[in-house]
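These are the residues of each chain, in order.
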Amino acid sequence: MRFRRRRHNEEAELNITSFMNLMIVLVPVLLLSMVFSRITVLELNLPDSASASSAEDSEDMDFLEVVLYPDYLGINHPAGNRAFSVCPHTEGDMAGTHNYAELTEALKQIKIRLEDDYQIEKNDIVLLAQPDTDYQTIVSTMDAVRSFKAVVAANVVDASLFPQISLGDAPDNDPLRDQVPCDTVSGGAP
């Protein structure tokens, strides 16, 4: 009787060299073509009609709003009283655009007055914009009212101003337009 020897089937090796070559080329190409985007989220508080009527009675002194108009920005504090009017830039490349630095300075004065004179720690503000106000104006105003640059221990940091922002509709015609003219923005109302 003859015994047959069985051949041991050796498993074939998997040749991945060509696949690795493809990955060496493909991975850097994909990484270089990838679009890096930065998404920034601004948190807003939309007005609630049910709580608005009860809040008006108790927080008259706390109510602070910035009204956006195409030709100026108005700061009302307390409700119904114009504290500051911020005129647009008049010279240079920025002529005709809103003066957000002056807006921030006016809001800093109001915040200091609230903390020193009334011991009120205020963090919320209402932005009132007309329906045709462009998006960039709203975002730039939100940036100006949310924080300001301050120097702390020889470092420039973002100091909090009014980080809780609510949005609303501005009236078509500003009844407080002549209450504080633009040229008195540095002093403002008492």
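Residues numbered from 1 in each chain as written. Predicted model: local features only at pLDDT ≥ 70, side-chain atom pairs only at ≥ 80, totals over all residues. Heavy atoms only, no water.

## With respect to the environment of Leu161
Logical step 1: Take Leu161: it is sitting in the loop between strand 7 (155-160) and strand 8 (164-169).
Logical step 2: Taking the C-alpha atoms as reference, Leu161 lies 8.4 Å from Thr104; in sequence the two are 57 residues apart. (Helix = DSSP H or I, 4+ residues; strand = E, 2+ residues; numbered from the N terminus.)

## Digging into the environment of His77
Logical step 1: The residue His77 is located in the loop between strand 3 (72-76) and strand 4 (82-86) in this model.
Logical step 2: Along the sequence, His77 and Ile110 sit 33 residues apart, while their C-alpha atoms lie 8.3 Å from each other.
Logical step 3: Polar contacts involving the side chain of His77 include one to the side chain of Arg113, which spans 3.3 Å. (Polar contact = N/O pair within 3.5 Å; in protein donor to acceptor, adjacent residues only side chain to side chain.)

## Considering the packing of aromatic side chains
Logical step 1: Tallied over the entire structure, the rule returns 1 aromatic pair.
Logical step 2: Ring centres of Tyr69 and Tyr72 lie 5.4 Å apart, and the angle between their planes is 25 degrees; on these two criteria the pair is classed as stacked. Here Tyr69 and Tyr72 have matching classes, each one buried. (Phe/Tyr/Trp six-rings, centres within 6.5 Å; stacked < 30°, edge-to-face > 60°. Buried < 20%, exposed > 50% of the residue type's maximum accessible area, 1.4 Å probe, protein only.)

## As for the nonpolar core
Logical step 1: Ranked by internal contacts, the top residues of the largest apolar core, which has 27 residues, are Val66, Ile75, Leu103, Leu107, Ile125 and Val145.
Logical step 2: Where this core is concerned, the elements lending two or more residues are strand 2 (65-69), strand 3, strand 4, helix 3 (100-117), strand 5 (124-129), helix 4 (135-146) and strand 6 (147-152).
Logical step 3: Looking at which element gives the most residues to this core, the answer is helix 3, with 5 residues. (Core = buried A, V, L, I, M, F, W, Y, C linked by side-chain atoms within 4.5 Å.)

## Some words on unusual backbone geometry
Logical step 1: Unlike most non-glycine residues, Ala153 shows phi in positive territory, near 55 degrees.
Logical step 2: Here Ala153 is to be found in the loop between strand 6 and strand 7.
Logical step 3: If you check the backbone angles, Ala154 has positive phi at about 65 degrees while not being a glycine.
Logical step 4: Locating Ala154 in the fold gives a position in the loop between strand 6 and strand 7.
Logical step 5: We classify Ala154 as exposed; its relative accessible area is 73%.

## So, the packing of helix 3 against helix 4
Angle between the axes and distance between the axes: these two values describe a pair of packed helices.
Logical step 1: The contact between helix 3 and helix 4 brings their axes to 9 Å, and the two run at 40 degrees. Classified by the interaxial angle, the pair formed by helix 3 and helix 4 is oblique. Judged by the twist between their axes, the crossing of helix 3 over helix 4 is right-handed. When helix 3 is examined against helix 4, the residues Tyr100, Leu103, Thr104 and Leu107 are found in contact with a partner set consisting of Thr137, Ser140, Thr141, Ala144 and Val145. (Axes fitted to C-alpha atoms, helices over the stretch in contact; angles between N-to-C directions. Parallel < 35°, antiparallel > 145°, perpendicular 65-115°, else oblique. Left-handed = near helix turned anticlockwise from the far one by under 90°. Contact = heavy atoms within 4.5 Å.)

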